[in-house]
Amino acid sequence: MIRGKPDEDEYWNSSKFKAFTFDDEDDDFTRLKESKRAVNSIRSLVEEEDEEDDVEKVSWSGEPVGSISWSVKETASSIRSTGEVRDQSFPKINTAPSLPKNSSGYSLSSLFKGTTHDWTPEETVKRMQQGKVYSLEKFRSLQDKLLLLDEAVNAHDGNVITAVLIYLKKSLSKENLFRELITREIALRHYIHFLKEIEEQKLLLMQYRDHLNIRDENKRRDFLKSCLSLPFSPDDATHVQDHYTLLERQIIIEANDKQVESSGQADIFKKYPRKASILNMPIITTLYYSCFYHYGESDGTYSSPANIRKTFRISDKQFLLTCLGARAKLKAWFDVDALFTTKNWLGYTKKRSPIGFHRIVDILQKNNAPVQVLQEYVNLVEDAEQKISLAQKYKCHDVIINTYRDLKDRQQLIVYRGKVERGSSEYRKIEEILSNSVR
Amino acid sequence: MSAHLSYGRVNLNILREAARKELREFLDKCGGSKAIVWDEYLTGPFGLIAQYSLLKEHEVEKMFTLKGGRLPAADVKNIIFFVRPRLELMDIIAENVISEDKMHSPRDFHMLFVPRRSMLCEQRLKEQGVLGSFINIDEYILDLIPYDGDLLSMESEGAFRECYLESDQTSLYHTAKGLMTLQALYGTIPQIFGKGECARHVANMMLRMKREFAGSQTQILPVFDSLLLLDRNVDLLTPLATQHLEGFLSIFIRYVKLPPEKFSAQKKQGEAGKDLPTEPKKMQLNSAEELYAEIRDKNFNGVGAALSKKAKIISAAFEERHSAKTVGEIKQFVSQLPHMQAARSSLANHTSIAELIKDITTSEAFFDNLTVEQEFMTGVDTDKVNTYIEDCIAQKDPLIKILRLVCMQSVCNNGLKQKLLDYYKREILQTYGYEHMLTLNNLEKTGLLKPQTSTRNNYPTIRKTLKLWMEDANEQNPNDISYVYSGYAPLSIRLTQVLARPGWRSIEEVLKMLPGPHFEERQQLPAGLHKKRQQGENRTTLVFFLGGVTYAEIAALRFLSQMEDGGTEYIIATTKLINGTSWIKSLMDRPEAQAS
């Protein structure tokens with residue numbers, strides 16, 4: 001796919017885009033245009049009488065834009081020697097498709113009407129759609145202009161709606177235009193889309209969206225800050241605020257950690273050099289980073305997990321999962337243990353988790369936890385069947401043997417004995433249980 | 001290449017021929033040798049219309065892909081740009097043209113906009129100061145492209161987004177135009193049915209265009225008996241569900257990439273494979289290939305059985321050589337060899353594909369995903385936080401997968417309770433980044449994700465009335481369209497089915513629950529063109545999906561066409577062939593930024 005993204009971004013950001021103002025066209029040009037239009041419509045009349053089936057169409061030519069391309073083409077063809085362009089004096093574009101299109105449906109009267117440029121809004125829109133000569137300038141009163149706009153909207157043709165909007169924008173005051181657009185939702189949406197394209201004014205989320213184009217993190221942060229005052233919905237406002245806060249902190253953390261890393265002061269960075277900058281990462285990724293490099297810091301620091309958890313209202317589950325992932329990656333099994341340990345008032349400890357322990361086991365296993373660690377958590381899985389299947393999957397022999405022992409399932413123990421290596425410690429354990437148990 | 005278009009109920013080759021003729025005419029307008037610079041996106045759609053040979057006949061000597069900088073050297077008289085009317089493409093073209101001028105090259109520039117010229121684009125070229133360099137600026141109206149014997153597509157990727165998100169209904173205008181072209185070639189369609197806002201607009205435009213061109217009616221016996229226009233937003237659920245076979249494969253429409261290791265496996269049985277291919281193998285899939293036509297509409301659980309049956313037939317055919325005794329028999333056998341070998345190689349390819357799919361479909365993750373989807377579709381716990389979705393977010397599964405599931409839950413619950421919606425949104429933003437609030441916002445605007453406004457959830461009523469869920473879907477030998485989703489019958493297709501028999505009057509209540517108006521219009525036929533139906537002759541209905549259609553829906557309609565007592569054959573048209581992923585992607589804000 002072709003995407004001119006970087007270029008486009010740069011373009012949007014850098015150029016003061018002066019699109020669709022035709023004010024700079026001088027009078028000569030307008031006159032030229034007028035005369036061309038007149039000549040052209042006569043011509044099309046003549047031709048249509050001759051060969052009804054093949055209407056020569058001149059696209060967009062009544063409008064300044066079209067006439068530019070049109071005159072341009074004339075220039076081009078006069079520079080060229082001869083021949084190729086079918087008709088030098090009247091460059092034209094034949095868009096009449098060869099399919100049996102119903103191009104002969106125009107009445108003579110409408111064509112005669114055409115020469116005086118007195119088309120109704122409906123006719124004008126139709127002509128625009130057909131790529132024929134048309135003129136918007138004759139719609140002078142506000143009411144006429146609005147009739148034209150409504151007609152364009154009725155046609156559902158974005159190209160025509162845009163063309164009419166460009167004309168209205170040029171010829172109406174902003175207040176007038178906006179007042180009328182508010183009651184015309186579709187036209188308004190088109191207008192917004194059009195403005196979006198030409199970067200003239202932004203609407204809330206569209207403005208927020210712009211931060212994506214800013215590479216420099218400080219500028220991006222400042223830009224997000226400027227968005228905070230926009231009248232977002234409460235919901236969106238919270239997210240924008242969080243986004244700003246996050247980037248602000250990431251900048252501080254990044255600067256600090258970069259310095260610490262290069263000075264070689266902290267072991268953790270030496271042992272696990274940072275792979276990428278933390279800037280512009282999602283909050284959960286930032287939390288992971290914090291649990292990895294800044295675990296155990298006091299709540300007061302921006303980089304501590306506890307502070308991040310609180311500031312960004314991270315749910316218990318998300319916090320636990322992220323923290324677990326980071327500490328398991330570091331093989332800090334003691335920290336992992338502490339995550340689940342709760343003490344009651346008598347000082348007894350118990351393991352609790354907001355997430356099923358089977359999921360904890362999966363995560364630990366993915367981080368290559370040793371069997372000793374794994375089996376502790378496999379043991380905490382409540383459902384016996386699930387426990388056994390997990391234990392079998394991860395070869396936690398003790399868990400399996402003990403479970404069968406507790407279930408007094410002699411048969412299963414004998415089966416399992418066949419699966420473990422003869423003479424191994426597991427094997428001996430099973431032997432022992434089998435011989436001790438009463439038949 | 002195009003033979004498969006002619007076999008169907010309606011000969012779509014006529015449409016293709018018309019499009020080819022127009023292309024030839026444009027090419028001949030630029031006299032002399034030419035090079036075409038392609039907007040890469042268009043090569044797919046054009047490939048359905050014409051091969052390189054056609055272009056070559058009209059003096060196209062070189063083809064390039066549009067990119068910035070200087071155009072490659074080519075000793076040709078004309079350079080023609082085939083592009084979509086996109087601003088960013090205009091900038092690239094301007095760069096090309098400007099670099100060219102510096103070399104004082106005498107090449108002529110032409111521009112062909114597909115499907116239409118655009119003011120904005122020409123304005124952009126003018127600003128860049130290159131508009132004057134073009135000798136010809138033209139448009140190639142490629143509204144409906146024949147895709148398969150019963151399938152037409154406008155290949156307009158953005159149609160859903162434009163209609164429902166940006167309120168840009170230009171694609172509807174193109175749709176109406178395309179339908180007028182179709183009627184010019186295949187006769188006036190006497191009956192028009194529709195459901196949804198966009199459907200209403202298209203029908204209005206069609207009727208209006210017809211009025212405007214009254215008097216120039218085509219004297220063609222109508223091929224289609226009726227047209228059904230369906231808005232995509234009438235059925236948001238179907239594209240969200242995981243699709244059956246073809247949907248999986250066709251992330252890149254019609255082409256399947258086979259990894260080399262799968263391909264090499266089958267080489268062994270052929271000639272001794274010395275050079276193993278290293279590139280993935282690309283296969284073009286359409287009904288021109290016999291086996292593909294047989295298996296493409298099967299559910300992923302039914303493909304295996306179909307393939308092994310085919311394998312038995314082929315090996316039996318090969319075995320016949322032992323029983324061939326007489327010279328005549330041997331001759332007969334030899335004459336069939338090429339066909340048999342083609343069949344064998346086709347079978348090998350499809351078996352490889354089926355293996356790939358099997359790998360996916362039998363994986364635990366896939367099964368879990370399917371289970372959750374089915375729970376939502378049957379209305380189980382759609383008002384609670386779903387732990388599977390939670391888990392997927394925690395594992396940072398691809399965002400599109402998450403969005404599909406959350407949207408599905410929302411659609412099946414007629415919106416989510418504000419608290420639940422906020423929870424999902426927060427989890428997504430925290431895990432994937434705050435900038436995705438733009439995407440979430442888009443999903444809300446299109447109604448895929450919404451807060452529950454009334455306490456009443458209509459979905460169960462709709463599900464029961466339209467029998468959207470069938471407990472005992474038979475995937476191997478389907479007897480109902482619900483086989484395409486292993487139990488779920490696509491809502492859009494149920495509407496189509498009910499319309500044919502017993503008629504929409506029987507489901508008025510449900511139609512009112514679905515968004516947009518439903519309507520019926522009749523178009524007057526010129527005297528003498530009324531069709532006299534033979535007894536037992538099927539009706540032909542054109543179903544137009546505005547905003548995209550999924551492969552599963554196509555498969556379901558094909559199934560209905562083939563039912564012996566169905567009475568209706570369906571031709572399918574759409575703005576774009578979609579799957580859940582491509583669809584959600586089209587609604588995301590800057591999906592391309594996700595990759596990085």
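Per-chain numbering applies: the sequence of each chain, read as written, is numbered from 1 onward. Following the order in which they are written, the chains are lettered starting with A and the ligands numbered starting with 1. Since the coordinates come from a predicted model, pLDDT governs what is reported: local features require at least 70, and pairs of side-chain atoms require 80 or more to be given and counted, while whole-chain, interface and lining totals use all residues. To obtain the side-chain values, all non-hydrogen atoms of the structure were used and water was disregarded.

Participant: Help me understand the overall build of chain A, please; the structure alone is not making it clear to me.
Facilitator: Scanning chain A from N- to C-terminus turns up 23 helices and two strands. In this scheme, a residue with accessible area under 20% of its type's maximum is buried, one over 50% is exposed, and one in between is partly exposed, where area comes from a 1.4 Å probe on protein chains only. Out of the 439 residues in chain A, the part that is buried amounts to 48%. Residue contacts are defined here by distance: any two heavy atoms, one from each residue, within 4.5 Å place the two residues in contact. Taking all contacts inside chain A whose residues are at least 6 apart in sequence as the whole, residues at least 24 apart take part in 54%. Accessible area for chain A stands at about 22700 Å²; split by element, carbon and sulfur atoms hold 51% of it. Helix and strand definitions follow DSSP, with helices as H or I runs of at least four residues and strands as E runs of at least two, each counted in order from the N terminus. Throughout, the Shrake-Rupley method with a 1.4 Å probe supplies accessible areas, and for residues the shown protein chains are the sole cover considered.

Participant: Whenever I open this one, the sheet that holds strand β7 (residues 151–153) of chain B confuses me. Can you help?
Facilitator: Sheet strands line up and pair through hydrogen bonds in the backbone, either parallel or antiparallel. Residue and element names in this part refer to chain B. Pairing between strands requires that DSSP locate at least two bridges from one strand to the other. With mixed pairing, seven strands are arranged side by side in an open sheet as β6-β7-β15-β13-β9-β8-β12. At either margin of the open sheet sits one strand with a lone partner, and together these are β6 (145–148) and β12 (518–522). When the angles between neighbouring strand axes are averaged without regard to direction, this sheet yields 20°. The pairing of β7 with strand β15 (residues 568–574) spans three bridges and is classified as parallel. Directly across from Leu151, in β15, lies its bridge partner Ile572. In this description, a line fitted to the C-alpha atoms serves as the axis of each element, helices being fitted only across the stretch in contact, and the angle between N-to-C directions of two axes falls anywhere from 0 to 180 degrees. Across the sheet, helix α8 (residues 197–212) lies against β8 (191–195), β9 (226–231), β12 and β13 (539–546), angled at about 140° from β9, the strand it touches most.

Participant: Just to check I follow, could you spell out a nonpolar patch on the surface for this structure?
Facilitator: On the surface, a cluster of nonpolar side chains totalling about 480 Å² of accessible area is made up of Trp345, Leu346 and Tyr348 of chain A. Mapped onto the fold, Trp345 of chain A is located in the loop between β1 (341–343) and β2 (349–351). Each patch is built from residues lacking any salt bridge and having more than 30% relative accessible area; the joining distance is 9 Å for like charges and 5 Å for nonpolar side chains (Val, Leu, Ile, Met, Phe, Trp, Tyr). One speaks of a salt bridge when a side-chain nitrogen belonging to Lys or Arg is within 4 Å of a carboxyl oxygen belonging to Asp or Glu.

Participant: Please clarify how the environment of Leu230 of chain B should be interpreted in this entry.
Facilitator: All names here are of chain B. Checked against the element boundaries, Leu230 lands in strand β9. Between the C-alpha atom of Leu230 and that of Cys198, which follows or precedes it by 32 residues, the distance is 8.1 Å. Sequence-distant contacts of Leu230, that is, excluding residues within four places in its chain, are made with Lys195, Ser492, Leu495, Thr496, Val543, Phe544, Phe545 and Leu546.

Participant: Explain the pattern of salt bridges to me, please; I cannot follow it from the model alone.
Facilitator: Two side chains bearing opposite charge may form a pair once their charged atoms approach each other closely. For the structure on display, the rule yields 38 salt bridges over all chains. Residue Glu431 of chain A is joined to Arg417 of chain A by a salt bridge in which the shortest nitrogen-to-oxygen separation is 2.7 Å. Taken together, the residues Glu431 of chain A in helix α23 (residues 425–436) and Arg417 of chain A in helix α22 (residues 410–419) connect sequence positions 14 residues apart. With a relative accessible area of 32%, Glu431 of chain A lands in the partly exposed category. Taking the shortest distance from any N to any O, the salt bridge between Arg161 of chain B and Glu166 of chain B comes out at 3.0 Å. This pair shows no difference in class: Arg161 of chain B is buried, exactly as Glu166 of chain B is.

Participant: Looking at this model, I keep getting lost on the sheet that holds strand β2 (residues 60–65) of chain B. Mind explaining?
Facilitator: Residues and elements named next belong to chain B. Spatially, β2-β1-β3-β4-β5 is the arrangement adopted by the five strands of the open sheet, whose pairing is parallel. Strands at the two margins of the open sheet, each flanked by one partner only, are β2 and β5 (134–139). Direction aside, neighbouring strands of the sheet carry axes that sit 20° apart on average. Here strand β3 (residues 78–83) runs beside strand β4 (residues 108–113); their pairing, made up of six bridges, is parallel. Of the residues in β4, the one forming a bridge with Asn78 is Asp108. Across the face of the sheet, helix α1 (residues 13–29) comes into contact with β1 (34–38), β2, β3, β4 and β5 while running at roughly 145° to β3.

Participant: Would you mind showing me how to read the nonpolar core here?
Facilitator: Soluble, globular proteins show a tendency: their nonpolar side chains are buried together. To define a nonpolar core, start from buried Ala, Val, Leu, Ile, Met, Phe, Trp, Tyr and Cys residues and group those joined through side-chain atoms within 4.5 Å. In this structure, Phe82, Leu229, Leu448 and Leu495 of chain B are the most contacted members of the largest nonpolar core, which totals 175 residues. Every residue in contact with Leu448 of chain B, bar those within four places of it in the chain, is listed here: Leu236, Leu240, Cys407, Ser410, Val411, Leu443, Trp583, Ile584 and Leu587 of chain B. Counting 35 residues, the second largest nonpolar core, distinct from the first, contains Leu321, Val361, Tyr377 and Cys396 of chain A.

Participant: Is there a simple way to explain the side chain of Asp397 of chain B in this structure?
Facilitator: You can see Asp397 of chain B is positioned in the loop between α16 (387–394) and α17 (399–412). With near-sequence residues (within four places) excluded, Asp397 of chain B lies in contact with Cys392, Ile402 and Tyr432 of chain B.

Participant: I tried to follow the packing of aromatic side chains on my own but got confused; where do I start?
Facilitator: In this description, a pair of aromatic rings is defined by centroid distance and the angle of the planes. Residue and element names in this part refer to chain A. Classification of ring pairs rests on two measures: the distance between centres of Phe, Tyr or Trp rings, Trp counted by its six-membered ring, which must be within 6.5 Å, and the angle between planes, read as stacked under 30 degrees, edge-to-face over 60 and tilted in between. Applying the stated criterion across every chain yields a total of 22 aromatic pairs over all chains. With 6.2 Å between their ring centres and 25° between their planes, Tyr288 and Phe292 make a pair best called stacked. Taken as a pair, Tyr288 and Phe292 lie in helix α14 (residues 283–293) at a separation of four residues, close to a single helical turn. Exposure remark for Tyr288: the relative accessible area of 29% places this residue in the partly exposed category.

Participant: Can you help me understand the packing of helix α5 (residues 121–130) of chain A against helix α6 (residues 142–155) of chain A in this one?
Facilitator: Pairs of packed helices are described in terms of their axes, by the angle between the two and the distance that separates them. Residues and elements named next belong to chain A. One way to put it is that α5 packs onto α6 with a least axis distance of 9 Å and a crossing angle of 45°. Classified by the interaxial angle, the pair formed by α5 and α6 is oblique. In this structure, α5 crosses over α6, and the sense of that crossing is right-handed. Across the interface between the two elements, Pro121, Glu122, Thr124, Val125 and Gln129 from α5 touch Leu147, Leu148, Glu151, Ala152 and Ala155 from α6. Partitioning the contact of α5 with α6 into residue classes produces six nonpolar, two polar and two charged. With respect to orientation, any angle under 35 degrees is reported as roughly parallel, any angle over 145 as roughly antiparallel, any angle of 65 to 115 as roughly perpendicular, and every other angle as oblique. In this scheme the crossing of two helices becomes right-handed for a clockwise turn of the near helix relative to the far one and left-handed for an anticlockwise turn of less than a right angle. Three residue categories are used. Nonpolar comprises Ala, Val, Leu, Ile, Met, Phe, Trp, Tyr, Cys and Pro, charged comprises Asp, Glu, Lys and Arg, and polar comprises the others, including Gly.

Participant: Is there a simple way to think about α17 of chain B in this case?
Facilitator: Helical periodicity: at 3.6 residues per turn, an α-helix aligns residues three or four positions apart in one direction. Here the expected span of a helix is defined as 1.5 Å times the quantity of residues minus one. Here α17 of chain B spans 20 Å end to end across 14 residues, near enough to the 20 Å set by a 1.5 Å rise per residue. With 13 of 14 residues buried, α17 of chain B is to be regarded as a mostly interior element.

Participant: Explanation requested: a negative patch on the surface in the structure shown.
Facilitator: We score Asp and Glu as negative and Lys and Arg as positive, and we do not count His or the chain ends. For the purpose of locating charges, the reference atoms are NZ of Lys, CZ of Arg, CG of Asp and CD of Glu. On the surface, Glu25, Asp28, Glu59, Glu61 and Asp75 of chain B cluster together into a negatively charged patch. One can find Asp75 of chain B in the loop between β2 and β3.

Participant: Is there a simple way to explain the confidence of the model for chain B in this structure?
Facilitator: Low pLDDT marks regions whose predicted coordinates should not be analysed in detail. Residues and elements named next belong to chain B. One number per residue, pLDDT, summarises how confident the predictor is, and it ranges from 0 to 100. For chain B, per-residue confidence averages 82 on the pLDDT scale, and 83% of positions sit at 70 or higher. Scored below 50 in pLDDT, residues 245–280 shows 73 contacts in the model against residues more than four places distant or in partner chains. Model confidence for the complex is summarised by a pTM of 0.71, with the ipTM given as 0.72.

Participant: Sorry, what's going on with the side chain of Glu390 of chain B here?
Facilitator: Structurally, Glu390 of chain B can be placed in helix α16. Given a relative accessible area of 10%, Glu390 of chain B falls into the buried group. Beyond its immediate sequence surroundings of up to four residues, Glu390 of chain B is in contact with Lys317 of chain A together with Val385 and Tyr423 of chain B.

Participant: Help me out: how do you make sense of the domain arrangement of chain B in this one?
Facilitator: The accessible area lost on association of the parts is a frequent measure of interface size. For the domains described, the bounds stem from an automatic or database domain assignment. With domains assigned, chain B is organised as domain 1 (3–141), domain 2 (146–240 + 477–583), domain 3 (282–361) and domain 4 (364–457). Computed over C-alpha atoms, the centres of domain 1 of chain B and domain 4 of chain B are 43 Å apart.

Participant: Is there a simple way to think about the pairing of β8 of chain B in this case?
Facilitator: Residues in a regular strand point their side chains to alternate faces of the sheet. All names here are of chain B. β8 sits mainly inside the fold: five of its five residues count as buried. Side chains of β8 alternate between two faces, with Gln191, Phe193 and Lys195 and Ile192 and Gly194 buried alike. Sheet topology note: the β8/β9 ladder contains five bridges and is parallel. For Lys195, the partnering residue across the bridge sits in β9 and is Leu230. When β8 meets β12, the two strands line up antiparallel, connected through five bridges. Note on β12: the bridge partner recorded for Ile192 is Glu521.

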